[in-house]
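Results of the structural survey
Read off the chains here:
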Amino acid sequence: MLSIPHALTGAYIASKFPNPLVYIPLTIAAHYLQDWIPHWDVGTGLSKGTRKRSTAIILELFDLAITVGLVYFFWKDSWGQPQSIHIMIGAFCGLVPDFMEAPRNFLKWEPFFLKPFNEFHGKFHHSIPNMLVGLIPQIVLVTAIYLLR
(Lines give C-alpha, C1' and ligand atoms only; values in the text may rest on other atoms or scores of the structure.)
Protein backbone atom coordinates (compact mmCIF):
# COMPACT_ATOMS: atom_id res chain seq x y z
CA MET A 1 0.00 0.00 0.00
CA LEU A 2 0.97 3.59 -0.23
CA SER A 3 2.49 5.23 2.84
CA ILE A 4 -0.69 7.23 3.32
CA PRO A 5 -3.01 4.45 4.60
CA HIS A 6 -0.22 2.80 6.63
CA ALA A 7 0.68 6.01 8.47
CA LEU A 8 -2.93 7.11 8.94
CA THR A 9 -3.81 3.70 10.36
CA GLY A 10 -0.88 3.91 12.76
CA ALA A 11 -1.86 7.42 13.83
CA TYR A 12 -5.48 6.34 14.27
CA ILE A 13 -4.57 3.33 16.40
CA ALA A 14 -2.25 5.46 18.55
CA SER A 15 -4.95 8.11 18.97
CA LYS A 16 -7.36 5.50 20.31
CA PHE A 17 -4.85 3.50 22.40
CA PRO A 18 -2.23 6.05 23.55
CA ASN A 19 -0.04 3.46 25.26
CA PRO A 20 3.06 2.59 23.17
CA LEU A 21 3.04 -0.96 24.51
CA VAL A 22 -0.38 -1.35 22.90
CA TYR A 23 -0.27 0.79 19.75
CA ILE A 24 3.21 -0.05 18.46
CA PRO A 25 2.59 -3.79 17.99
CA LEU A 26 -0.98 -3.15 16.76
CA THR A 27 0.26 -0.62 14.23
CA ILE A 28 2.95 -2.92 12.86
CA ALA A 29 0.49 -5.83 12.70
CA ALA A 30 -1.99 -3.61 10.86
CA HIS A 31 0.70 -2.83 8.28
CA TYR A 32 1.04 -6.51 7.38
CA LEU A 33 -2.72 -7.01 7.27
CA GLN A 34 -3.11 -4.01 4.96
CA ASP A 35 -0.40 -5.31 2.65
CA TRP A 36 -2.33 -8.58 2.38
CA ILE A 37 -5.12 -6.69 0.61
CA PRO A 38 -4.42 -6.52 -3.14
CA HIS A 39 -3.20 -2.98 -3.76
CA TRP A 40 -1.11 -0.70 -5.95
CA ASP A 41 1.86 1.23 -4.60
CA VAL A 42 4.82 3.21 -5.91
CA GLY A 43 7.04 0.12 -5.88
CA THR A 44 4.69 -1.88 -8.10
CA GLY A 45 6.72 -3.00 -11.10
CA LEU A 46 10.21 -2.58 -9.59
CA SER A 47 10.92 -6.29 -9.33
CA LYS A 48 9.66 -6.95 -12.88
CA GLY A 49 11.53 -4.00 -14.35
CA THR A 50 8.42 -2.18 -15.51
CA ARG A 51 9.14 0.80 -13.26
CA LYS A 52 12.43 2.66 -12.91
CA ARG A 53 13.87 3.04 -9.43
CA SER A 54 14.26 6.79 -9.96
CA THR A 55 10.54 7.05 -10.75
CA ALA A 56 9.64 5.01 -7.68
CA ILE A 57 11.82 7.20 -5.44
CA ILE A 58 10.20 10.39 -6.75
CA LEU A 59 6.72 8.91 -6.32
CA GLU A 60 7.59 7.73 -2.80
CA LEU A 61 8.82 11.18 -1.77
CA PHE A 62 5.55 12.63 -3.06
CA ASP A 63 3.61 9.89 -1.19
CA LEU A 64 5.48 10.67 2.05
CA ALA A 65 4.87 14.42 1.70
CA ILE A 66 1.13 13.83 1.27
CA THR A 67 1.25 11.42 4.20
CA VAL A 68 2.76 14.01 6.55
CA GLY A 69 0.20 16.57 5.44
CA LEU A 70 -2.75 14.23 5.94
CA VAL A 71 -1.58 13.06 9.38
CA TYR A 72 -1.37 16.70 10.41
CA PHE A 73 -4.72 17.59 8.77
CA PHE A 74 -6.58 14.65 10.33
CA TRP A 75 -5.26 15.36 13.85
CA LYS A 76 -4.52 19.09 13.74
CA ASP A 77 -6.76 19.69 16.77
CA SER A 78 -4.49 17.37 18.78
CA TRP A 79 -1.25 19.10 17.75
CA GLY A 80 0.58 20.46 20.75
CA GLN A 81 -1.44 18.22 23.06
CA PRO A 82 0.26 15.35 24.94
CA GLN A 83 -1.33 12.73 22.63
CA SER A 84 0.23 14.29 19.52
CA ILE A 85 3.54 12.51 20.20
CA HIS A 86 1.68 9.19 20.22
CA ILE A 87 -0.02 10.08 16.94
CA MET A 88 3.34 10.86 15.32
CA ILE A 89 4.97 7.70 16.70
CA GLY A 90 1.99 5.63 15.56
CA ALA A 91 2.22 7.08 12.06
CA PHE A 92 5.95 6.33 11.94
CA CYS A 93 5.49 2.76 13.24
CA GLY A 94 2.86 2.17 10.57
CA LEU A 95 5.64 2.66 8.02
CA VAL A 96 8.44 0.69 9.72
CA PRO A 97 8.11 -2.49 7.60
CA ASP A 98 8.36 -0.37 4.43
CA PHE A 99 11.31 1.61 5.81
CA MET A 100 13.14 -1.69 6.41
CA GLU A 101 12.43 -2.72 2.82
CA ALA A 102 13.43 0.61 1.27
CA PRO A 103 17.20 -0.06 0.92
CA ARG A 104 16.48 -3.24 -1.03
CA ASN A 105 13.71 -1.77 -3.18
CA PHE A 106 15.26 1.59 -3.98
CA LEU A 107 19.00 1.07 -3.64
CA LYS A 108 19.41 -2.64 -4.50
CA TRP A 109 21.11 -3.09 -1.12
CA GLU A 110 19.81 -5.32 1.66
CA PRO A 111 21.72 -5.52 4.95
CA PHE A 112 21.79 -9.12 6.17
CA PHE A 113 19.90 -8.29 9.38
CA LEU A 114 16.94 -6.92 7.40
CA LYS A 115 16.58 -9.94 5.11
CA PRO A 116 14.40 -12.04 7.49
CA PHE A 117 12.08 -9.09 8.14
CA ASN A 118 11.80 -8.36 4.43
CA GLU A 119 11.10 -12.00 3.62
CA PHE A 120 8.34 -12.00 6.26
CA HIS A 121 6.94 -8.78 4.81
CA GLY A 122 7.04 -10.27 1.32
CA LYS A 123 4.74 -13.10 2.41
CA PHE A 124 2.01 -10.56 3.08
CA HIS A 125 2.59 -8.21 0.17
CA HIS A 126 0.06 -8.40 -2.66
CA SER A 127 0.72 -5.65 -5.20
CA ILE A 128 -1.33 -5.49 -8.37
CA PRO A 129 -0.42 -3.59 -11.54
CA ASN A 130 -3.85 -2.01 -12.04
CA MET A 131 -3.55 1.39 -10.37
CA LEU A 132 -7.27 2.17 -10.24
CA VAL A 133 -8.30 -1.17 -8.74
CA GLY A 134 -5.32 -1.08 -6.38
CA LEU A 135 -6.15 2.38 -5.05
CA ILE A 136 -9.81 1.66 -4.26
CA PRO A 137 -9.23 -0.20 -0.95
CA GLN A 138 -6.78 2.50 0.12
CA ILE A 139 -9.25 5.30 -0.60
CA VAL A 140 -11.94 3.42 1.33
CA LEU A 141 -9.56 2.95 4.28
CA VAL A 142 -8.42 6.59 4.35
CA THR A 143 -12.05 7.76 4.17
CA ALA A 144 -13.04 5.44 7.02
CA ILE A 145 -10.17 6.70 9.19
CA TYR A 146 -11.13 10.30 8.47
CA LEU A 147 -14.75 9.64 9.47
CA LEU A 148 -13.88 7.57 12.57
CA ARG A 149 -11.16 9.74 14.01
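Quick look at the structure, then. (Residues numbered from 1 in each chain as written. Predicted model: local features only at pLDDT ≥ 70, side-chain atom pairs only at ≥ 80, totals over all residues. Heavy atoms only, no water.)

So, the side chain of Asn118
The test is simple: Each helix corresponds to a stretch of at least 4 residues labelled H or I by DSSP, and each strand to a stretch of at least 2 residues labelled E; elements are numbered beginning at the N terminus. N or O atoms within 3.5 Å of each other form a polar contact, as long as, within protein, one can give a hydrogen and the other can take it, and as long as residues adjacent in sequence are counted only when both atoms are side-chain atoms. Residue contacts are counted whenever heavy atoms from the two residues lie within 4.5 Å of one another.
Here Asn118 shows up in helix α6 (residues 115-124). Within polar-contact distance, the side chain of Asn118 engages the side chain of Glu110 at 2.8 Å. Leave out the neighbours within four places in its chain, and Asn118 touches Met100, Glu101, Arg104 and Glu110.

A short note on the packing of helix α3 (residues 53-74) against helix α5 (residues 96-107)
Filter applied, for reference: Note on geometry: axes are C-alpha line fits, over the in-contact stretch for helices, and angles between N-to-C directions span 0 to 180 degrees. For classification, angles of less than 35 degrees are called roughly parallel, those exceeding 145 degrees roughly antiparallel, those between 65 and 115 degrees roughly perpendicular, and all remaining angles oblique. In this count, Pro and Cys sit with the nonpolar residues alongside Ala, Val, Leu, Ile, Met, Phe, Trp and Tyr, while Asp, Glu, Lys and Arg are called charged and the others, Gly among them, polar.
Taken N-terminus to C-terminus, the directions of α3 and α5 make an angle of 140°; their axes are 9 Å apart at the nearest point. When the axis of α3 is compared with that of α5, the two are oblique. On α5, the residues that touch Arg53, Ala56, Ile57 and Glu60 of α3 are Arg104, Asn105 and Phe106. When grouped by side-chain class, the residues that make up the contact of α3 with α5 number three nonpolar, one polar and three charged.

Remarks on the pattern of salt bridges
Our working definition: In what follows, salt bridge is the name for a side-chain nitrogen of Lys or Arg lying within 4 Å of a carboxyl oxygen of Asp or Glu. Burial classification: accessible surface area is computed with a 1.4 Å probe over protein chains only, and a residue below 20% of its type maximum counts as buried, one above 50% as exposed, and the rest as partly exposed.
Inspection of the entire model under this criterion finds four salt bridges. Between Lys115 and Glu119 there is a salt bridge, with the nearest N and O atoms lying 3.7 Å from each other. Of this pair, Lys115 and Glu119 both sit in helix α6, four residues apart, roughly one helical turn. Classification of Lys115 as partly exposed rests on a relative accessible area of 42%. Each of the salt bridges in this network shares a partner with another, and the network as a whole consists of Glu101, Arg104, Glu110, Lys115 and Glu119.

Regarding a nonpolar patch on the surface
Defined as follows: The residues that make up patches have over 30% relative accessible area and no salt bridge, and they are joined within 9 Å when like-charged or within 5 Å when they are Val, Leu, Ile, Met, Phe, Trp or Tyr. The protein chains shown are the only cover counted for residues, whose accessible areas, like all others here, come from Shrake-Rupley with a 1.4 Å probe.
On the surface, Tyr72, Trp79, Ile85, Met88 and Ile89 cluster together into a nonpolar patch covering about 430 Å² of accessible area. A per-element tally of the nonpolar patch places helix α4 (residues 84-93) first, with three residues. Relative to the assigned elements, Trp79 resides in the loop between α3 and α4.

A few points about the nonpolar core
One recurring pattern in soluble globular proteins is that nonpolar side chains are buried together. Counted only if it meets this: The criterion is simple. A nonpolar core is a set of buried Ala, Val, Leu, Ile, Met, Phe, Trp, Tyr and Cys residues joined through side-chain atoms within 4.5 Å.
Counting residues in hydrophobic clusters, the biggest one holds twelve residues: Ile4, Ala7, Leu8, Ala11, Val71, Phe74, Trp75, Ile87, Ala91, Leu95, Val142 and Ile145. Where this core is concerned, the elements lending two or more residues are α1 (3-16), α3, α4 and α7 (131-148). Here Leu95 is in contact with Ser3, His6, Ala7, His31 and Leu64, once residues within four sequence places are set aside.

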